[in-house]
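# Inside the fold
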Amino acid sequence: MDLGLLPSRYAKALYESASERGLSDGVYEAMRNLESMFSGPDGERLVTAVANPYVEEGEKMALIVSACGGVNDRETAVAALVKDFVSLLFRNHRLTLVRGIALAYIALYRKRNGIRRVTVEWAATPDASTETQMKNLVLRHIGGDRMEYSSAVNPSLIGGYRIAVDNERLDASVANEFNQLRQKLLSK
């Protein structure tokens, strides 16, 4: 996904700065928290607040730092780096790019650390051994890479599962089989 030149440059600078200090893991978690806030139920309100010219810049900065997972409440090296970075965005009039920067940082971190994002949708809640077998199957598929695994139940699949490994997709669901059968029948 191309996020644009400016967010990518800022993300790279943040990653390099965090790596030099040994803080890239903590900043990664902060950027994941920030992105989850933007994509969550209150995300639209956060976007509106950051773009609103009537909201004071100090409030915007505090809102963004808070969305990074409460780093505002902790006096840690990660919190200091995130606060400094948000201040830099403020000084450069780039606060509106913060979501793109977070996404670019997450992508860069995953690429540099060999992390693959794996999502499995099940038609019904699997038992523990089935879930473990799926994780092991995916681990063999991705080789030596690490994975961020998430699992969800989607009853509309009717049966089976759907796997997404980064941009790869495998749909082994009954709903997909019905759809393919329907397409064959309609094409005749």
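Structure: above.
Read on for an overview of the structure. (Residues numbered from 1 in each chain as written. Predicted model: local features only at pLDDT ≥ 70, side-chain atom pairs only at ≥ 80, totals over all residues. Heavy atoms only, no water.)

## Some points on the overall build of the protein
Along the protein, the regular secondary structure elements total eight helices and four strands. N-terminal to C-terminal, the α/β element order of the protein is α-α-α-α-α-α-β-α-β-β-β-α. Over its C-alpha trace the protein gives a radius of gyration of 20 Å, far above what one expects of a compact globule, namely 16 Å for 188 residues. By its C-alpha atoms, the protein is 60 × 40 × 30 Å across when sized along the principal axes. The 188 residues of the protein split such that 35% are buried. When contacts within the protein are restricted to residue pairs at least 6 apart in sequence, those whose partners lie at least 24 apart make up 67%. As displayed, the protein offers around 11400 Å² of accessible surface, 52% of which is attributable to carbon and sulfur atoms. Seen as two clouds, the 24 positive and the 23 negative side-chain charges of the protein have centres 5 Å apart. (Helix = DSSP H or I, 4+ residues; strand = E, 2+ residues; numbered from the N terminus. Rg over C-alpha atoms; globule rule 2.2 N^0.38 Å. Buried < 20%, exposed > 50% of the residue type's maximum accessible area, 1.4 Å probe, protein only. Contact = heavy atoms within 4.5 Å. Areas by Shrake-Rupley, 256 points an atom, 1.4 Å probe, with all protein chains shown as cover. Lys, Arg positive; Asp, Glu negative; His and termini not counted. Charge placed at Lys NZ, Arg CZ, Asp CG, Glu CD.)

## Focus: the packing of helix α2 (residues 24–39) against helix α6 (residues 98–112)
Put simply, α2 and α6 touch, their axes get as near as 9 Å, and they point 135° apart. What the angle tells us is that α2 and α6 run oblique. For the pair α2 and α6, the sense of crossing is left-handed. In this structure, α2 contributes Ser24, Asp25, Val27, Tyr28, Met31, Arg32, Leu34, Glu35, Phe38 and Ser39 to the contact, and α6 contributes Val98, Arg99, Ala102, Leu103, Tyr105, Ile106, Tyr109 and Arg110. (Axes fitted to C-alpha atoms, helices over the stretch in contact; angles between N-to-C directions. Parallel < 35°, antiparallel > 145°, perpendicular 65-115°, else oblique. Left-handed = near helix turned anticlockwise from the far one by under 90°.)

## Structural notes on the sheet that holds strand β1 (residues 115–122)
What the four strands build is an open sheet, ordered β2-β1-β3-β4; its pairing is mixed. If you trace the sheet from one side to the other, it starts and ends with β2 (146–153) and β4 (168–173), each paired once. Mean inter-strand twist for the sheet, computed between neighbouring axes without regard to direction, equals 10°. Relative to β4, strand β3 (residues 160–165) runs antiparallel, the two sharing six bridges. Bridge pairing links Val165 to Glu168 in β4. (Pairing = 2+ DSSP bridges.)

## Structural notes on the nonpolar core
With 35 residues, the main nonpolar core has Val27, Met31, Leu34 and Tyr105 as its most contacted residues. Take this core: its biggest share by element is eight residues, from α6. With residues up to four places along the chain from it excluded, the contact list for Met31 reads Leu14, Cys68, Ala102, Tyr105 and Ile106. Judged by nonpolar contacts, the second largest core, of eight residues, contains Val120, Trp122, Val138 and Val165. (Core = buried A, V, L, I, M, F, W, Y, C linked by side-chain atoms within 4.5 Å.)

## Some words on helix α4 (residues 57–67)
Listing the buried residues of α4 in full gives Lys60, Met61, Ile64, Val65 and Ala67. Viewed end-on, α4 has its buried residues packed into an arc of 160°, placing them on one side of the element. On the buried face of α4, the contacting elements are α2, α3 (43–51), α5 (77–91) and α6. (Arc of directions from axis to C-beta.)

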